[in-house]
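Residue-level structure breakdown
Residue strings, one per chain:
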Amino acid sequence: MAVFPWHSRGRNYKAEFASCRLEAVPLEFGDYHPLKPITVTESKTKKVSRKGSTSSTSSSSSSSVVDPLSSVLDGTDPLSMFAATADPAAPDSSRKRRDRDENSIVGSDFEPWASKRGEILARYTTTEKLSINLFMGSEKGKATATSAMSEKVRTRLEELDDFEEGSQKELLNLTQQDYVNRIEELNQSLKDAWASDQKVKALKIVIQCSKLLSDTSVIQFYPSKFVLITDILDTFGKLVYERIFSMCVDNRSVLPDHFSPENVNDTAKETCLNWFFKIASIRELIPRFYVEASILKCNKFLSKTGISECLPRLTCMIRGIGDPLVSVYARAYLCRVGMEVAPHLKESLNKNFFDFLLTFKQIHGDTVQNQLVVQGVELPSYLPLYSPAMDWIFQCISYHAPEALLTEMMERCKKLGNNALLLNSVMSAFRAEFIATRSMDFIGMIKECDESGFPKHLLFRSLGLNLALADPPEGDRLQILNEAWKVITKLKNPQDYVNCAEVWVEYTCKHFTKREVNTVLADVIKHMTPDRAFEDSYPQLQSIIKKVIAHFHDFSVLFSVEKFLPFLDMFQKESVRVEVCKCIMEVFIKHQQEPTKDPVILNALLHVCKTMHDSVNALTLEDEKRMLAYLINGFIKMSVNRLAMETRKVMKGNHSRKTAAFVRACVAYCFITIPSLVGIFTRLNLYLHSGQVALANQCLSQADAFFKAAISLIPEVPKTINIDGKMRPSESFLLEFLCNFFSTLLIVPDHPEHGVLFLVRELLNVIQDYTWEDNSDDKIRIYTCVLHLLSAMSQETYLYHIDKVDSNDSLYGGDTKFLAENNKLCETVMGQILEHLKTLAKDEALKRQSSLGLSFFNSILAHGDLRNNRLNQLSVNLWHLAQRHGCADTRTMVKTLEYIKKRSKHPDMGHLTELALRLPLQTRT
């Protein structure tokens, strides 16, 4: 292909804008409108004899607002038709059953046990020595093959007897971590035994672990022990259920998820019964209860009412457990499995709860008191051990419960003496809205509680957590804050104090002004400064800061809170201080809408940025550096460049000597700061952004410096960059940046000493020398964008301008020398595009050649003057090239040709008529 000369098409931008506008169509008020009422008239008399109907319809007319789509569909929309087909009229019993099933599903608003597990393990720890009985195993534990089922059952029962009589080893003087490791080993042993078909051995392990739940010798560790042991029970229950479920699968069908006992074959039922018989033979109450509860779901294989019959029986079994702590955790486990397999059976769960209330007085009985004396445990340390189990029980009972039941539960708890523990569980588990609307009632109950066993500040903390989620009555809000803070501010222990203050700060920020927030912050400083108590409470203090800045997005308000900056001074550990600074800057970048010129705010934020910057050292991770750079850049863009643009706005573009100097200082600050940043695309985009700011403020030489710096940085762009921890090709990001750059270069005036279009020439040289990826067409896409830029530069008047900046259309005024230079550049760029198209004449690249050929054709059509014969001939050649090997998209070609024919009807586009005749559509054959 020979090199073709370029001739830009003259553009009348105003006329083009006008032609693209939607045509205005006058509308008279009497015309039809789809939202107007439609009158429907029935011309036939029709009698309705459907069951349950008490009237018939006759010829009538009515006027009502009707969905405009329904008239097209004869009154029935397709979704309703689909729903009617998918859900035919069902008997009342079926409908009730379906509704019950839908209501029985536990939704995402129910906090799962898994989310509580980690918190319990972290909170309930001990330094005392622990003991555990390990199952040693025996040859008798292996299953024996026999054809007689009764013999097999008898053999396995003997194996269980053997286990209960011996075959175990007691490990003493274990640390807490040793104990956890041993439990994890037992869990793995259970899985290994099951995988090797040693089902009896697996059952022995589960029984042994369940027995550990009767041991309260190290009572502070009991909640964590419960979590660890029930993990094993959950594993066992899942293995048994999946085993029986798999036995129901045959060659003909697979058991559906929602099956009935009638779908279960006899073999699976017999295996299921065998498991329940084996568990029923366990002699001790606690392991028998826990193991049967773990496979409660398996009752689905035997009977529709199996679960509903077992739950009350298991509830009654718990009455035989004498230790109230062991008993309450057994009830918690029963609620757990009950909510998983039958959440609709609330009656049994409620019975479990009311049983617990009847035995609640045991907690304060002599037996428990004697046990605490033996172990040297005080009552305030003992009562919180009940909280995880009670919170879970109360959550299960209150989930989607009617308000009447919640009120009854609350009243029952109120009648019990010394009910602080119960009250705390009520506030932890009940719906936040229920608690918030009765805030003053709860405060009254808190006041009446005996503080010797359960501290009142914990009750106020639980109340505060609810008020962070739901609003109390507006008239009570100030009194609630005063009552709570009256108790909190008297706390002597800094840790107790800050745990409560952390919660109530959010309530204060949410409902009150900066005056009340300032008072709270001053109180926190007063309590946490003596003896440097803040050093032990950094997580809580960080939480307070996050809550304050989350509610005060306007930094002019935030920094007017007198105690905010003194509060920040408490963060004296460097790593914590940097984290706090990051939180502050994130909120500033995200939420600060109004530009600020307040020197106090700017100085404080500069100090925040300096703190983040100074924390970087040789050991800082790259991800951390990127995050800090992003935050500091955000401040620069929002403050320095914004200050320059705000100054321009105030001066209405007419800078005085003083404001011009200030703007140049801002621009200079950006220019010397950008090179210190790590991310290369961050630097490129900031150079472009700052150059635009300089240009807008008539700082032309500074703008040139920014653009030159960006051009000189392009060769340093690596082939891949790190995006969210993964290496990605960089070409697409470079292409996006260059397209934005070209849009700016349109209005950048040429420097009088550097020649015509010097920035464009420098950029083209860099693009030419850059090493592009093999099999990539991005370089040609960039050249096509350059062609569009040069065509826009050849117009008498440019599409857009910057106020008070003379672009090249004003400087050159359509000078022929300038246009000639522009056309030469266009021809050079066209030559590069055509050469690249030649290199794609290979089988594997023909599709790319076709696509690029059509794209170049469209560029010439949009920006070239096709009255020039040689350019016209080039466009015809490109059209044929796009179709030559049958790779073109026929639909796109057809639409393109239709567009050309439509354009040819315009007065100044008649030459396109001849062009359209020279553009045939080829078939793929």
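Let's shift gears to the overall build of the protein. If you tally the helices and strands in the protein, you get 43 helices and six strands. Counting over 925 residues, the protein shows a buried share of 47%. For the protein, long-range pairs separated by at least 24 residues make up 73% of all intrachain contacts whose partners lie at least 6 apart in sequence.

For the rest of this paragraph, the subject is helix H36 (residues 758-769). Residue pairs spaced three or four apart in an α-helix point in one direction, given the helix's 3.6 residues per turn. For H36, spanning twelve residues, the distance from its first C-alpha to its last is 17 Å, which sits close to the expected 16 Å at 1.5 Å a residue. In this structure, the buried residues of H36 make contact with helix H34 (700-713), helix H35 (731-745), helix H37 (778-793) and helix H39 (816-839).

Here we take up a nonpolar patch on the surface. Residues Phe17, Leu799 and Tyr800 make up a contiguous nonpolar surface patch of about 300 Å² in total accessible area. Positionally, leucine 799 belongs in the loop between H37 and helix H38 (808-812).

Under the 1.5 Å per step criterion, the end-to-end length of helix H24 (residues 494-511) is 25 Å for 18 residues, consistent within 8% with the ideal 26 Å. The principal kink in H24, of about 25°, is found at glutamate 502. Where H24 begins, the side chain of asparagine 493 points an oxygen toward the backbone nitrogen of glutamine 495, at a separation of 2.8 Å.

Further remarks concern the confidence of the model for the protein. With 84% of its residues at a pLDDT of 70 or more, the protein shows a mean pLDDT of 82. Predicted confidence for residues 39-104 stays below pLDDT 50, and this span has 40 contacts to residues more than four positions away or in other chains. Contacts from residues 138-149, a stretch scored under 50 in pLDDT, to residues over four places away or in other chains number 15 contacts.

Before going further, it helps to spend a moment on the packing of H36 against H37. When two helices pack together, their arrangement is given by the angle between their axes and by how far apart the axes lie. Packing of H36 against H37 leaves a shortest axis separation of 11 Å and a crossing angle of 170°. The angle between the axes of H36 and H37 places the two elements in the roughly antiparallel class. When H36 is examined against H37, the residues Val760, Leu764, Ile767 and Gln768 are found in contact with a partner set consisting of Lys779, Ile782, Tyr783, Val786, Leu789, Leu790 and Met793. By residue class, the composition of the contact of H36 with H37 is nine nonpolar, one polar and one charged.

Tracing the sequence through the fold places serine 398 in helix H17 (residues 387-398). Side-chain polar atoms of serine 398 contact the backbone oxygen of phenylalanine 394, separated by 2.8 Å. Of note is the side chain of serine 398, whose polar atom sits 3.4 Å from the backbone oxygen of alanine 429.

Evaluation of the coordinates by the stated rule reveals 35 aromatic pairs. Considering the side-chain rings of tyrosine 382 and tyrosine 386, the 5.2 Å spacing of their centres and the 85° angle between planes classify their relative orientation as edge-to-face. Assigned by exposure class, tyrosine 382 and tyrosine 386 land together as buried. Here the aromatic residues Phe110, Trp113, Tyr222, Phe226, Tyr329, Trp392 and Tyr399 are joined through ring pairs into a cluster of three or more. In this structure, arginine 438 is placed above the aromatic ring of phenylalanine 434, and the distance from its NZ or CZ to the ring centre is 3.8 Å. Taking the ring centre of tyrosine 770 as reference, the NZ or CZ of lysine 719 above it sits at 4.4 Å.

What follows covers unusual backbone geometry. Notably, lysine 652 is not glycine yet its phi reads approximately 55°, a positive angle. As for its position among the elements, lysine 652 is in the loop between helix H31 (622-651) and helix H32 (657-673). Positioned with a positive phi, leucine 757 is a non-glycine residue whose angle comes to about 50°.

Moving on to the pairing of strand E5 (residues 720-723). Inspection of the sheet shows E5 paired to strand E6 (residues 726-729) by four bridges, in the antiparallel sense. By the bridge assignment, threonine 720 is partnered in E6 with proline 729. Turn length for the E5-E6 hairpin, with the two strands adjacent in sequence and antiparallel, is two residues, and the turn residue aspartate 724 shows positive phi of about 55°.

With that settled, the discussion passes to the pattern of salt bridges. Here the structure, examined in full by the defined rule, presents 27 salt bridges. Glutamate 185 is paired through a salt bridge with arginine 182; the nearest N and O atoms lie 3.5 Å apart. In this pair, glutamate 185 and arginine 182 are both assigned in helix H7 (residues 176-195), three residues apart and thus about one turn of the helix distant. Here glutamate 185 falls in the partly exposed class, since its relative accessible area comes to 41%. Between lysine 804 and aspartate 803 there is a salt bridge whose closest N-O contact spans 3.3 Å. According to the relative accessible area criterion, lysine 804 is partly exposed, its value standing at 42%. Salt bridges sharing common partners tie together Lys447, Glu483 and Lys486.

What follows covers the nonpolar core. Ranked by size, the top nonpolar core spans 287 residues in total, and within it Tyr382, Trp504 and Leu541 carry the most contacts. Element by element, the count of residues in this core is highest for helix H9 (residues 222-247), at 14 residues. Once residues within four sequence positions are removed from consideration, tryptophan 504 is found in contact with Phe460, Arg461, Leu463, Gly464, Leu467, Ile480, Leu481, Ala484, Trp485 and Ile488.

Reading the values: the criteria
Residues numbered from 1 in each chain as written. Predicted model: local features only at pLDDT ≥ 70, side-chain atom pairs only at ≥ 80, totals over all residues. Heavy atoms only, no water. Helix = DSSP H or I, 4+ residues; strand = E, 2+ residues; numbered from the N terminus. Buried < 20%, exposed > 50% of the residue type's maximum accessible area, 1.4 Å probe, protein only. Contact = heavy atoms within 4.5 Å. Expected span 1.5 Å × (residues − 1). Patch = residues over 30% accessible without salt bridge, like charges linked within 9 Å, V, L, I, M, F, W, Y side chains within 5 Å. Areas by Shrake-Rupley, 256 points an atom, 1.4 Å probe, with all protein chains shown as cover. Salt bridge = Lys/Arg side-chain N within 4 Å of Asp/Glu carboxyl O. Bend = angle between axes of the 7 residues up to and from the residue. Polar contact = N/O pair within 3.5 Å; in protein donor to acceptor, adjacent residues only side chain to side chain. pLDDT = per-residue confidence, 0-100. Axes fitted to C-alpha atoms, helices over the stretch in contact; angles between N-to-C directions. Parallel < 35°, antiparallel > 145°, perpendicular 65-115°, else oblique. Nonpolar A, V, L, I, M, F, W, Y, C, P; charged D, E, K, R; others polar. Phe/Tyr/Trp six-rings, centres within 6.5 Å; stacked < 30°, edge-to-face > 60°. Lys NZ or Arg CZ within 6 Å of the ring centre and 35° of its normal. Pairing = 2+ DSSP bridges. Core = buried A, V, L, I, M, F, W, Y, C linked by side-chain atoms within 4.5 Å.

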